[in-house]
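# Summary of structural features
The residues making up each chain are set out below.
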Amino acid sequence: MIYLYIIGVDMAQPRVFCLVLLTVALGAQALTPSHHLSLSDVDRLKGLLSQPFTDLASAYYSIVGLSKLGASVADENDACQFLKAQLDPMSVDSLFFAAEASQAIADCEMPVFNETRDILLAAVSEDSTVTQIFRAVSALSSLGLPLASQEVVAALVARIAKEDNVLAITTALQTATRLSQQAELGGILEEIEDLAARLDDLGGVYLQFEEGLEATALFVTAAYTLSDHADTEPPLKEDQVIQLVNSVFSKKSWDSRSEAFSVACAAAALSSNRFHVPVIVSTQGPATVSHSQPILHLLVTDILSNPLASANLLVESAQAVASKSVVLSQAPFSLRNGIFELNFMASQPASGYYQFTVAVTGDSRLVANQVELKVKVSTEVAVTNMDLSVVDKDQSIGTKTSRVDYPFKAKGSFTADSHQNFAMNFQLVDANTGVELTPHQTFVRFHNQKTGQEVVFVAEPDSKNLYKFELDTAERKSEFDSMSGTYVLHLIVGDATLENPILWNVADVVLKFLDEEAPAAIQSKTLYMPKPDIQHLFREPEKKPPTVVSNTFTALVLSPFLLLLILWFKLGANISNFSLSPSSVLFHVGHACMLGLMYVYWTHLNMFQTLKYLAIIGSLTFLAGNRMLAQKAVKRLASK
Amino acid sequence: MSNSVISVISRFLEEYTTKTSNKLKVVDAYLFYILLTGALQFLYCLLVGTFPFNSFLAGFILCVGAFILGVCLRIQINPDNKGDFLSISQERAFADFLLAHTVLHLVVINFIG
């Protein structure tokens, strides 16, 4: 996906700047930068650094930062005087700021006292922090005082072991850039790779330290400055470099002078080191070509938006997105006034979108030099052979066909009732090449002036790219709400690749519908009024039989019990053998209780309570019953 | 044809009244009562409808269950079947009958709603 943001044009007038941001997603090619500093961003950075300074530290950031961006402070003499006045020769920090800042101003020398060298050399030891060592070494180097590189290296290595955080190691790297090239910087160089491993990868697009933007920018500066100084390529892969670019330059307004300073240093390091120079390819104006504007303009710059001196731009391939056919291959751009131009219309491309793969050559340091971008070829459309007719449904012969030319309106109006169809045939062609087009939007709009109704249909092309539209009056009456009347007919043609979308009042059509219903206006009004309340219907209880019936049957069902008693009486069953022993009494009482419990269970209790009571009563009954039955058994066997 | 049926029935009745012991007749009367009760419940269901269905099922299943348990009791206390139930005395059969009935009643009352 490629997003093009266009704000202004005209490189000739420096006042109005062109801001074009091109982002390219990960395709088959490598990552390309999604952020860089445009010219207005650089101006904003310079503005922040140019703010008046009140102490040595801010003076240092401003003066040195601006010099990295190729600018300078407003009044250099004033600045130099300020530095001299604010200098405290006893403080390492003060000496560092003043010395470094004065180096950036022409003809500004800081006074060197006798004690200066001793103070600075004393700061170079294992007991000072890395920052102290860095400032001392930088001040010594800027003031032109001699220093022992090997001792510094030893102190740095010792301090790195103790202060194992990102900022400390970055400062150590910066310190190493001030040492003599004969010193053993190999150990410190390895720290670049270790630090790079600590970077956090965000979505494959950003690579930054969790300590923030300033730390990342300072790391980039230190890594490239040290690599240049030691003439060793930094161990950063191309993708990592681009991700670092994205992280450092994604923020366009900076919180503090030191942050702005770090970004300025990183920008300077990335645009002019000996190993990796990220290149930005952007379009000037919209990436659209047409017959009136056949030339595609591209800008090739570094991340500070400075044009690259020795770059050549080449189209590796231009492929139509729709048909996947390659239109252009290995075609070079020509350079004119710092802008690369290519006349794409010379290859006679059909209208549509094209995927360009361009490559920047000419410098072995270039990183991300293969870029993909999408170019639109637009054209103008013409409507030809517009024929309107009213066709009877029974025969297919048009009773009235008339040709209408764009942009005129048909002379008479067309009448169609339910026995007839209204038909429209036309062709859409490219005005420049005569090729047939099928734009995305081809609509036929009927508008009833009186009722405000608007009905839109889509006209579809057949296999020969001839557009046909037929309105079956009877079939479509629901869309028109059966409102007969005069409808104004418009043809609407539109597409992203058309420069002249068409809205053409073609004719007036009188439609007659059968069984005209009540005005449809009311329908739309009631659509948004509150609907009638829905009353909740509770579940209807089931129909019960009349009480008489159920009572009768209850009595009927209980009647066999009487029959049972009678039968038992007749058989001579009696309870004469009932022994009044305690166990049998207890058994019968317990059994009766159990039956009573059943009734209570039915009316009051739940299963758990019932089981509880049943357990108690049941066990008593069981024991009593067991005893009773045993006694009975004994009696029975004895009587045998 | 009908003659033989009638003669079979009358023979059966005669043998029943003379040969079966009183104890078994008592149980038979009980079984007959259960049968009637169940049949009447079913008749009500057919005539009036199944509302409330769970109550009908509870009552009907109680009748069916009680009938089955009664039949089991009758089989077990029949002296002619003594050979098949050597380990089960008459009292034991009755105790089983009571226990099974307790469980049956518990379930049915739960279901009767």
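The name given to chain B in an unreviewed UniProt entry is Dolichyl-diphosphooligosaccharide--protein glycosyltransferase subunit DAD1, and the organism recorded there is Oncorhynchus mykiss. UniProt's Pathway (unreviewed entry) comment on chain B is quoted here verbatim: "Protein modification; protein glycosylation." The UniProt entry for chain B carries the following comment under Subcellular location (unreviewed entry): "Endoplasmic reticulum membrane".

Chain A goes by Dolichyl-diphosphooligosaccharide--protein glycosyltransferase subunit 2 in an unreviewed UniProt entry, where it is assigned to Oncorhynchus mykiss. Its UniProt record gives chain A a comment under Sequence similarities (unreviewed entry), which states: "Belongs to the SWP1 family." Its UniProt record gives chain A a comment under Pathway (unreviewed entry), which states: "Protein modification; protein glycosylation."

### Things to note about the overall build of chain B
Of the regular secondary structure elements, chain B holds four helices and zero strands. In chain B, the succession of helices and strands from N to C terminus is α-α-α-α. Here chain B, with 113 residues, has 33% of them falling under the buried criterion. The contacts of chain B with a sequence gap of at least 6 include a subset with a gap of at least 24, amounting to 69%.

### Thoughts on helix α15 (residues 582–603) of chain A
Each turn of an α-helix holds 3.6 residues, which means side chains three or four residues apart point in the same direction. The end-to-end C-alpha distance of α15 of chain A, which contains 22 residues, comes to 31 Å, matching closely the 32 Å that a straight helix rising 1.5 Å per residue would cover. Every buried residue of α15 of chain A is accounted for by S583, S584, F587, G590, M594, L597, M598 and Y601 of chain A. Seen end-on, α15 of chain A carries its buried residues on one side only, within an arc spanning 135°. What points out from α15 of chain A, more than 90 degrees from its buried face, is the exposed set P582 and Y599 of chain A. Where α15 of chain A is buried, its residues meet α16 (607–639) of chain A together with α4 (90–112) of chain B.

### Some words on the interface of chain A and chain B
The partner chain B presents 29 residues to the 33 residues of chain A that form the contact. Interface area for chain A against chain B, summed over the two sides, is near 2,700 Å², with a carbon-plus-sulfur share of 80%. At the junction of chain A with chain B, the criterion picks out one salt bridge. Its salt-bridge partner being E91 of chain B, residue R636 of chain A comes within 3.1 Å of it at the nearest N-O pair. For the side of chain A that touches chain B, the elements supplying multiple residues, two or more each, are α14 (547–571), α15 and α16 of chain A. For the side of chain A that touches chain B, the element with the highest residue contribution is α14 of chain A, accounting for 13 residues. In the side of chain A that touches chain B, the residues fall into 23 nonpolar, four polar and six charged.

### Description of the sheet that holds strand β24 (residues 485–494) of chain A
All names here are of chain A. If you walk across this open sheet you meet the five strands as β18-β25-β24-β20-β21, and the pairing is mixed. Of all strands in the sheet, those bounded by a partner on one side alone are β18 (414–416) and β21 (454–458). Direction aside, the axes of adjacent strands within the sheet are offset by 30° on average. Both strand β20 (residues 441–448) and β21 contribute to a ladder of five bridges, which runs antiparallel. Each bridged residue has a counterpart across the sheet, and for F446 the counterpart in β21 is V455.

### Considerations on helix α8 (residues 166–176) of chain A
Residue and element names in this part refer to chain A. In terms of burial, α8 is largely enclosed, as 10 of its 11 residues are buried. Every buried residue of α8 is listed here: V166, A168, I169, T170, T171, A172, L173, Q174, T175 and A176. Contacts from the buried residues of α8 go to α6 (130–142), α7 (149–162), α9 (186–197) and α10 (213–230). The opening residue of α8 is N165, an N-cap whose side-chain oxygen sits 3.3 Å from the backbone nitrogen of L167.

About the criteria used
- Residues numbered from 1 in each chain as written.
- Chains lettered and ligands numbered in written order.
- Predicted model: local features only at pLDDT ≥ 70, side-chain atom pairs only at ≥ 80, totals over all residues.
- Heavy atoms only, no water.
- UniProt positions renumbered as here; feature names shortened; annotations may be inferred.
- Helix = DSSP H or I, 4+ residues; strand = E, 2+ residues; numbered from the N terminus.
- Buried < 20%, exposed > 50% of the residue type's maximum accessible area, 1.4 Å probe, protein only.
- Contact = heavy atoms within 4.5 Å.
- Expected span 1.5 Å × (residues − 1).
- Arc of directions from axis to C-beta.
- Buried area = accessible area lost by both parts, 1.4 Å probe.
- Salt bridge = Lys/Arg side-chain N within 4 Å of Asp/Glu carboxyl O.
- Nonpolar A, V, L, I, M, F, W, Y, C, P; charged D, E, K, R; others polar.
- Pairing = 2+ DSSP bridges.
- Axes fitted to C-alpha atoms, helices over the stretch in contact; angles between N-to-C directions.
- Polar contact = N/O pair within 3.5 Å; in protein donor to acceptor, adjacent residues only side chain to side chain.

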